[in-house]
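A look at the structure
Listed below are the residues making up each chain.
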Amino acid sequence: MAEQHTQQEHNIPQHVAVIMDGNGRWAKRRSLQRMFGHRSGVEAVRAVVEAAAEQGVKFLTLYAFSTENWARPKIEVNALMSLLVDAIDKEEPTLNRNNIKFTTIGNILTLPQKVQDKLKGIIRSTEKNTGLTLVVALSYSGRWDITAAVRQMCRDTEAGKLRSADVNEALLASYLSTSGMPDPDLFIRTGGDLRVSNFLIWQIAYSELYFTPVLWPDFGKQHFAEAIKEFQKRERRFGRVTEE
Ligand code: IPE
Ligand code: IPE
Ligand code: MG
């Protein structure tokens, strides 16, 4: 029994992916502009990154801006971009102090140049860190990811570097932006909506899904710990039968 308990405690997901949703509603409830919700959401990011690092999670992927989010009012998109720049400036030393490696997935070339430069800077300054890898999804969507992978595979085929017979799941996965990362074990969405919104659609094939009504700015360390606890209760069968 004691042994089982210890094992449960060590059943920490290697990769947690999070749809940070509900900032706008959080602000609306306070009669504030949506932007204040996003600003408050940065605090939640800090708390969750810290919690993930403490719990020994290896990869934390945060959905910060989707391909579809470009269709929001320009003022909100711009505000999100400057919030990102400010957050990088503010958090870079903390990430380095905590041995956290920063990286991104998404169509980064579509972001404003200033954001791209900041991202390059923090990626470079944290690249040797060996603790948690924090992956921020920006201008990301799962369909974009798969489409870009297929396009690159076609290019490689045209260049004679790839043959159709070589194509299998592992090869396709190696062309995705998440190449080299394990698939998410745990997928969290805050804000109460029960959908995937074009996040890591290939990679979450066998993730455990966890939905909570808590709005992202209210989501803290305790909520993250609850999600991990719930994950630890799940039986992952991967299509097999439970061994007797
Ligand atoms: C999530 O919060 C943050 C982003 C998509 C950038 P929302 O802005 O979607 O907040 P709600 O869903 O409108 O409450
Ligand atoms: C998903 O949230 C994207 C991010 C959290 C960045 P959305 O608020 O954009 O998703 P929908 O529109 O409710 O599906
Ligand atoms: Mg939303």
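Re the overall build of the protein
Regarding its fold elements, the protein presents eight helices and six strands. Along the protein, from the amino end to the carboxyl end, the secondary structure elements read α-β-α-α-β-α-β-α-β-α-α-β-β-α. Expected size for 244 residues packed as a compact globule is a radius of gyration near 18 Å; at 19 Å, the protein falls within 12% of this value. Expressed as a percentage of the 244 residues in the protein, the buried residues total 43%. Within the protein, contacts between residues at least 6 apart in sequence are counted, and of these 77% link residues at least 24 apart. In the form shown here, the protein has an accessible surface area of approximately 13700 Å², with 52% of it arising from carbon and sulfur atoms.

Points about the site of ligand 1
Close contacts around ligand 1 come from Met20, Asp21, Gly22, Asn23, Gly24, Arg25, Arg34, His38, Ala64, Asn69, Arg72 and Leu80, and that covers them all. Gly22 is positioned with one of its backbone polar atoms (N or O) 3.4 Å from an oxygen atom of ligand 1. Considered on its own, ligand 1 offers 380 Å² of accessible surface; in the complex 87% of this is hidden by protein. Looking at the shell around ligand 1, the elements that each hand over two or more residues are α2 (23-29) and α3 (34-55). With three residues, α2 is the largest single contributor of residues to the shell around ligand 1.

Some points on the sheet that holds strand β5 (residues 186-189)
Pairing within the open sheet is parallel, and its six strands lie in the order β3-β4-β2-β1-β5-β6. Each edge of the open sheet is held by one strand with a lone partner, namely β3 (101-105) and β6 (208-211). Strand-to-strand twist in this sheet, taken as the mean axis angle between neighbours without regard to direction, amounts to 20°. One ladder, built from four bridges, connects β5 with β6; its direction is parallel.

Thoughts on the site of ligand 2
Neighbouring ligand 2 are the residues Ile19, Met20, Asp21, Tyr63, Ala64, Phe65, Asn69, Arg72, Arg189, Arg195 and Ser197. Within the side chain of Arg72, one N or O atom sits 3.2 Å away from an oxygen atom of ligand 2. One nitrogen or oxygen atom from the side chain of Ser197 is found 2.6 Å from an oxygen atom belonging to ligand 2. Summarising the interface, the protein chains cover 78% of the accessible area of ligand 2, which totals 390 Å² for the free molecule.

So, the side chain of Thr133
Mapped onto the elements, Thr133 comes out in strand β4 (residues 133-140). Non-local contacts of Thr133, meaning those with residues more than four positions away in its chain, are made with Lys58, Phe59, Leu60, Lys101 and Thr103.

Comments concerning the pairing of strand β2 (residues 59-66)
Counting buried positions over the eight residues of β2 gives seven, a clear majority of the element. In the sheet, strand β1 (residues 15-19) pairs with β2 via five bridges, with the strands oriented parallel. Within β2, the residue paired with Val16 across the bridge is Leu60. Bridge count between β2 and β4: seven bridges; the pairing is parallel. In the sheet register, Tyr63 faces β4, and the bridge partner there is Ala137.

A look at the pairing of β4
Of all the eight residues making up β4, eight are buried; the element is thus mostly covered by neighbouring parts of the structure. Crossover connection from β3 via helix α5 (residues 113-126) to parallel β4: handedness left-handed.

Brief notes about unusual backbone geometry
Located in the positive-phi region is Ser139, a residue other than glycine, with phi close to 50°. When you line up the elements, Ser139 lands in strand β4.

Cut-off values and rules
Numbers given for residues are sequential positions, taken from 1 along each chain in its written order. By the order in which they are written, chains take letters starting at A while ligands take numbers starting at 1. For this predicted model, a pLDDT threshold of at least 70 governs which residues receive local features, and a threshold of 80 or more governs which side-chain atom pairs are given and counted, while totals over whole chains, interfaces and linings are taken from all residues. Side-chain numbers here rest on the full set of heavy atoms in the structure, without hydrogens or water. The way it works is that DSSP assigns letters per residue, a run of H or I at least four long becomes a helix, a run of E at least two long becomes a strand, and they are numbered from the N terminus. Note that the radius of gyration is over C-alpha atoms, with the globule rule given as 2.2 Å times the number of residues to the power 0.38. Exposure categories follow from relative accessible area, calculated using a 1.4 Å probe and restricted to protein chains: below 20% of the type maximum is buried, above 50% is exposed, and the middle band is partly exposed. Note on contacts: a residue pair qualifies if any of its non-hydrogen atoms lie within 4.5 Å across the two residues. The Shrake-Rupley method, run with a 1.4 Å probe sphere, supplies the accessible areas, and residue values consider only the shown protein chains as cover. If a single non-hydrogen atom of a residue is within 4 Å of a molecule or strand, that residue counts as near it. Any pair of N or O atoms that falls within 3.5 Å is considered a polar contact. Within protein, one atom must be able to donate a hydrogen and the other to accept it, and sequence-neighbouring residues count only if both atoms are side-chain atoms. What makes two strands pair is DSSP finding at least two bridges between them. Simply put, an axis is a line fit to the C-alpha atoms, just over the touching stretch for a helix, and the angle between two N-to-C directions goes from 0 to 180 degrees. Handedness rule for crossovers: strands pointing away from the viewer, path from the first strand over the helix to the second running clockwise, crossover right-handed.

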